[in-house]
Amino acid sequence: MSRPRILVVEDDSRIRKFLRISLEANAYDVVECRLGEEALELCAQIQPELMILDLGLPDIDGQDVIRRLREWSGIPVIVLSVRAEDAEKVTALDAGADDYVTKPFSISELIARVRVLLRKSTAQQGAGSLLRCGDLLIDLIRRRVSLAGRDLALTRKEYELLRLLSVRSGHVVTHDQILREIWGPAHLEDIHYLRILVRHLRQKLTDEPSAPRYVHTVQGVGYRFEDCEPVSDGA
Ligand code: CA
């Protein structure tokens, strides 16, 4: 089991260091940065499991970080908010943050919230072996896919791509991640392989790239699969 990776976005180096030491002591991997723009880029690159975000950053406002992140990513975000400014927290939650702690915060409280959010998102990701997305039904155990009740014949790579994207539906999966999983680490530059595979998968799903129902392109980053819901087996 790999350790969950947490991105800490905080311009105060003492707090950043404190968070790193505390989180690492609780078996989390930590990547840190001090700017909002950096945070967005890192999120796309390394796909952390969770973000801890200070709202007062030197470049862009933490609120803007959340809004922009939510255009393509559903990872849990915990906001570090100064004092008891309710309006600030509400704005952050409205923008898509999942939780917040107020500075000065207790580390045990923060770790408890991290645990809850990570448990929730793993539960969602691993919720079932049968996924439904509109007319599409994906049986992850039997490796069978049907569209509007008709079985689809997918190649092994097409199926792998569909599985990779659908189990992380609602999240962006980056080009690197897909290339690494399907072709291996030697092929991270071979984005054209991926483009062709996506085109084939879309054809079989009768998905229009201009108005996708399933596979959404996230320009320059990767792909995001439309939200799937787990179906209980035999239903
Ligand atoms: Ca700050």
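Scoring rules and cut-offs
- Residues numbered from 1 in each chain as written.
- Predicted model: local features only at pLDDT ≥ 70, side-chain atom pairs only at ≥ 80, totals over all residues.
- Heavy atoms only, no water.
- Helix = DSSP H or I, 4+ residues; strand = E, 2+ residues; numbered from the N terminus.
- Rg over C-alpha atoms; globule rule 2.2 N^0.38 Å.
- Buried < 20%, exposed > 50% of the residue type's maximum accessible area, 1.4 Å probe, protein only.
- Contact = heavy atoms within 4.5 Å.
- Lys, Arg positive; Asp, Glu negative; His and termini not counted.
- Charge placed at Lys NZ, Arg CZ, Asp CG, Glu CD.
- Pairing = 2+ DSSP bridges.
- Axes fitted to C-alpha atoms, helices over the stretch in contact; angles between N-to-C directions.
- Core = buried A, V, L, I, M, F, W, Y, C linked by side-chain atoms within 4.5 Å.
- Polar contact = N/O pair within 3.5 Å; in protein donor to acceptor, adjacent residues only side chain to side chain.
- Domains from an automatic or database assignment.
- Buried area = accessible area lost by both parts, 1.4 Å probe.
- Donors = N, O, S within 2.8 Å, 3.2 Å for Na, K, Ca; no water.

Our focus in this paragraph is the overall build of the chain. Looking only at helices and strands, the chain features eight helices and 13 strands. The globule rule puts the C-alpha radius of gyration for 235 residues at 18 Å, and the 19 Å found for the chain is close to it. Expressed as lengths along the three principal axes of its C-alpha atoms, the size of the chain is roughly 55 × 40 × 35 Å. Taking all 235 residues of the chain together, 45% fall into the buried category. A separation threshold of at least 6 residues defines the contact pool for the chain, and within that pool the share at least 24 residues apart is 57%. Side chains of the chain give 33 positive and 37 negative charges; the mean places of these two sets differ by 5 Å.

We now examine the sheet that holds strand 4 (residues 77-82). Overall, parallel pairing links the five strands, which are arranged 2-1-3-4-5 in an open sheet. A strand with exactly one partner marks an edge of an open sheet, and here the two such strands are strand 2 (29-33) and strand 5 (99-103). Adjacent strand axes in the sheet meet at a mean angle of 20°, parallel and antiparallel pairs treated alike. The sheet contact formed by strand 3 (residues 50-54) and strand 4 spans four bridges and is parallel. For D54, the partnering residue across the bridge sits in strand 4 and is L80. In the packing of helix 1 (residues 13-25) onto the sheet, the strands contacted are strand 1 (5-9), strand 2, strand 3, strand 4 and strand 5, and the crossing angle to strand 2 comes to about 170°.

Here we come to the nonpolar core. L136, L161, L162, I178, V215 and F225 are the most contacted members of the largest nonpolar core, which has 27 residues in total. Those elements that place two or more of their residues in this core are strand 6 (130-133), strand 7 (136-139), strand 8 (144-147), helix 6 (156-167), helix 7 (175-182), helix 8 (191-204) and strand 12 (222-225). Of all the elements, helix 6 adds the most residues to this core, at five residues. When near neighbours in sequence (up to four residues on either side) are disregarded, I178 contacts L161, L164, L165, V173, W183, L194 and Y223. Counting 25 residues, the second-largest nonpolar core is a separate cluster that includes L7, V9, C33 and I75.

Counting through the fold element by element, S73 comes out in the loop between helix 3 (62-69) and strand 4. Polar contacts involving the side chain of S73 include one to the main-chain amide nitrogen of I75, which spans 3.2 Å.

Here we come to the domain arrangement of the chain. For the chain, the assigned domains read domain 1 (5-120) and domain 2 (130-230). Put simply, the middle of domain 1 and the middle of domain 2, counted by C-alpha atoms, are 29 Å apart. Each partner contributes to the roughly 590 Å² buried at the junction of domain 1 and domain 2, and carbon and sulfur atoms together form 52% of this total. Its largest share of buried area at the contact with domain 2, domain 1 owes to A44, Q47 and W72, together 70% of the area lost on that side.

Looking at the metal site, the calcium ion is ligated by D11 (OD), D54 (OD) and G56 (O), spaced 2.2 to 2.4 Å from it. Counting gaps between the donor residues of the calcium ion yields the pattern D-x42-D-x1-G. Of the two residues, D11 is situated in the loop between strand 1 and helix 1 and G56 in the loop between strand 3 and helix 3; the sequence distance between them amounts to 45 residues. Judged by relative accessible area, which is 30%, D11 ranks as partly exposed.

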